[in-house]
Amino acid sequence: MRSTIQPPIADRNEVAGRPKVAIILGSTRPGRKAETVAAWVHDLAARRDDATFEVVDIADYLLPHLDEPVPPRAGHYSHPHTHAWAQKIGAFDAYVFVTPEYNASVPGVLKNAIDFLYAEWNGKAAGFVGYGIQGGTRAVEHLRQILSDLEVIDIPTTVALTLADDFQDHIRFTPCTAATKNVTLMLDELVARTAQAKGTERPL
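From a predicted model like this one, the values you see are computed outputs, not experimental measurements. (Residues numbered from 1 in each chain as written. Predicted model: local features only at pLDDT ≥ 70, side-chain atom pairs only at ≥ 80, totals over all residues. Heavy atoms only, no water.)

Caption draft 1: Just the overall build of the chain, in detail. Within the chain, the secondary structure is distributed over six helices and seven strands. Listing every helix and strand of the chain by position from the N terminus yields β-α-β-α-β-α-β-α-β-α-β-β-α. Within the chain, the proportion of its 204 residues that are buried is 48%. Taking the contacts inside the chain whose residues are at least 6 apart along the sequence as the reference set, 81% of them involve residues at least 24 apart. Carbon and sulfur atoms make up 52% of the accessible area of the chain, which amounts to about 9,900 Å² in all. (Helix = DSSP H or I, 4+ residues; strand = E, 2+ residues; numbered from the N terminus. Buried < 20%, exposed > 50% of the residue type's maximum accessible area, 1.4 Å probe, protein only. Contact = heavy atoms within 4.5 Å. Areas by Shrake-Rupley, 256 points an atom, 1.4 Å probe, with all protein chains shown as cover.)

Here you go:
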């Protein structure tokens, strides 16, 4: 399944000094809600002038089950699909993961996509937007654990979207005001932490 989200052209051009943030779709399932949620996050993020944002869809990279013969920590990737994924992920300074909760954890495709790489994730910051019956909170907690082994800096504020409160009839995405505020807060923390790491904080 290929993403239909097309970021504004301005987002595709790196702005000097601004952190580049990927909004990663964590589901490839037909009928997924991740695409709509990611578009909403991107719309809110694109209003900012302190970073640039781009939606990255795992489905576009057609990753098989992890098939690299050498552990990713070694940095020796052998397959074209791995090189393409590594080039894309390595181009960003930080990440926002948009993930549903499947059986109290993260989707297998998201875990697999993370497992392909190491250095490209290492030492960067990540924020989280979860969704599901309970807001995707267990998926996000597992994602924090997974990324901690890659020394990814996780942002404390989590956006938790519940099917009851943020999806009309559990289908149409209608985010509540609190969810929108949490996205802003999460992005504030993410951009500040990333700018600090890049040494590009704005003067007070």
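Now that the structure has been shown, the text picks up again.
Caption draft 2: How the structure looks around the pattern of salt bridges. Enumeration according to the criterion identifies eleven salt bridges in this entry. Between Asp188 and Arg48 there is a salt bridge; the shortest N-O distance is 2.8 Å. Linking Asp188 in helix α6 (residues 177-198) with Arg48 in the loop between α1 (34-45) and β2 (52-57), this pair joins segments that are 140 residues apart in sequence. Judged by its relative accessible area of 36%, Asp188 falls in the partly exposed class. Given a relative accessible area of 18%, Arg48 falls into the buried group. Between Asp115 and Lys111 there is a salt bridge whose closest N-O contact spans 2.8 Å. Of this pair, Asp115 and Lys111 both sit in helix α3 (residues 108-115), four residues apart, which is roughly one turn of that helix. The exposure class of Asp115 is partly exposed, given its relative accessible area of 27%. (Salt bridge = Lys/Arg side-chain N within 4 Å of Asp/Glu carboxyl O.)

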